[in-house]
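Topology and contacts: notes
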Amino acid sequence: MNMIKTAMLIAFMTALFMGLGLLVGGRAGMMIAFVIAAGMNLFAYWNADKMVLKMHRAKEVDARTAPEFHRIVQGLAGNAGLPMPKVYVIQNPQPNAFATGRNPDNAAVAATTGLLEQLTSEEVAAVMAHELAHVQNRDTLIMTITATLAGAISMLGNFAFFFGGNRNNNNPLGFIGVIAAIIVAPLAAMLVQMAISRTREYSADRRGAEICGNPDWLASALGKIASSAGRIVNEDAERNPATAHMFIINPLSGQRMDNLFSTHPDTGNRIAALRQMAVEMCGGGGAGFVAGTSAKPVAHDDQASGPWNRSHKTPPGGPRKGPWG
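The rules we used
Per chain, residue numbering runs from 1 following the sequence as it is written. In view of the model being predicted, local features appear only for residues whose pLDDT reaches at least 70, and side-chain atom pairs are presented and counted only at 80 or more, with totals across whole chains, interfaces and linings using the full set of residues. Side-chain numbers come from the whole structure's heavy atoms, not from hydrogens or water. One speaks of a salt bridge when a side-chain nitrogen belonging to Lys or Arg is within 4 Å of a carboxyl oxygen belonging to Asp or Glu. Only DSSP runs of H or I with at least four residues qualify as helices, and only runs of E with at least two residues qualify as strands; both kinds are numbered from the N terminus onward. Classification of residues uses two cut-offs on accessible area relative to the type maximum, computed with a 1.4 Å probe and protein chains only: under 20% is buried, over 50% is exposed, and between them is partly exposed. What a helix is expected to span follows from its residue count: subtract one and scale by 1.5 Å. For every residue, the pLDDT score states the predictor's confidence, bounded by 0 at the bottom and 100 at the top. Any pair of residues with heavy atoms lying within 4.5 Å of one another is described as a contacting pair. Whenever a helix is involved, its axis is fitted only over the stretch in contact; in every case the axis is a line through C-alpha atoms, and angles between N-to-C directions fall within 0 to 180 degrees. Orientation categories follow fixed angle ranges, with anything under 35 degrees roughly parallel, anything over 145 roughly antiparallel, 65 to 115 roughly perpendicular, and all other angles oblique. Charged means Asp, Glu, Lys or Arg here, nonpolar means Ala, Val, Leu, Ile, Met, Phe, Trp, Tyr, Cys or Pro, and polar covers whatever is left, Gly included.

Counting across every chain of the model gives nine salt bridges. Its salt-bridge partner being Lys224, residue Glu123 comes within 3.0 Å of it at the nearest N-O pair. Remark: Lys224 occurs in helix α7 (residues 215-229) and Glu123 occurs in helix α4 (residues 121-136); sequence separation between them is 101 residues. Take Glu123: its relative accessible area is 0%, and that puts it in the buried class. On the basis of relative accessible area, Lys224 is assigned to the partly exposed category, the value being 22%. The structure contains a network of salt bridges with shared partners spanning Arg57, Asp236 and Arg239.

Below is the structure:
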């Protein structure tokens, strides 16, 4: 049902984009808008993941440079039946994470150093399971398409501001069409983009909890991330707000309300849904399975420090770097 709703919303955005082209330049404008949309989506399909990772200065890591983090992602990918994605770490104190890539065979997951330092290994596993759920549900491609269309609609709105008053532009609605192009269409595109993102987050929460084996881990992680994200500014995200919907928690300041203008559902609502899921799955118990290990239950410990702080012991060969290299 969510996929059907998403497809309908994307179809609406495509029609909105072409309609905006009609208002700006008549039939010729509509055809130009269609060509632009097709070109932008084609470019985004092949290059959006690289662009997003570069925007946030993500560094790829592997089993040698980040053994613990890489092991967690590898185990979770096996649990989900997914190919091993590329793994990245972002030097940023705000705890957060996102996934990108056009399909499961070309996916990447990224976590900030703040997330790895502040969360337990169980919570890190739950967060990365959430991101892998986005990969499995093909949300990364869906969100790339909607973000691209929203950006194109805003671009056309700006174009209409400068050229919409030309009497020779074949605008069928005249000045009213220009006003719609400038104000209404970009606003509608933003609302559709937010609606798609918010719908996908609930689905990814549920599937992520299934992949990691314990909804309580993800609920605890969301609480910690939301609390820290509200206090720590993510400068890269502030410079690139169009990528905010990709993160597990909105990285932008002042965007925590559960309303039409938020990229994410209210964190409290998400946590409540996960707690209820935990009750349904295992009676609300705090045990589950850590990805990449043998199938032994591991007690959840809300008071434990981040997994890297408690597991980094100096090896015989000398000091050891953090899991992000």
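The structure having been displayed, the exposition proceeds.
This paragraph deals with helix α2 (residues 67-80). When the terminal C-alpha atoms of α2 are compared, their 20 Å separation across 14 residues agrees well with the 20 Å that a helix rising 1.5 Å per residue should span. When α2 is considered as a whole, its buried residues turn out to be Glu68, Phe69, His70, Ile72, Val73, Gly75, Leu76, Ala77 and Ala80. Just downstream of α2, Gly81 is the residue with a positive phi angle, here 70°.

This part takes up the confidence of the model for the chain. Taken residue by residue, the chain gives an average pLDDT of 77. The fraction at 70 or more is 67%. Across the chain, the secondary-structure element scoring lowest on mean pLDDT is strand β6 (residues 297-299), at 35, and the one scoring highest is strand β2 (residues 86-90), at 98. The low-confidence segment residues 255-260 (pLDDT under 50) makes 15 contacts with residues lying over four places distant or belonging to another chain. In the model, residues 289-325 has pLDDT below 50 throughout and makes 92 contacts with residues more than four positions away in sequence or in other chains.

Attention shifts here to the packing of α4 against α7. Direction vectors running N to C along α4 and α7 enclose 95°, while the axes themselves pass 8 Å from each other. The angle between the axes of α4 and α7 places the two elements in the roughly perpendicular class. Contacts from Glu122, Glu123, Ala126, Val127 and His130 in α4 reach Trp217, Leu218, Ser220, Ala221, Lys224 and Ile225 in α7. Broken down by class, the residue content of the contact of α4 with α7 amounts to six nonpolar, two polar and three charged.

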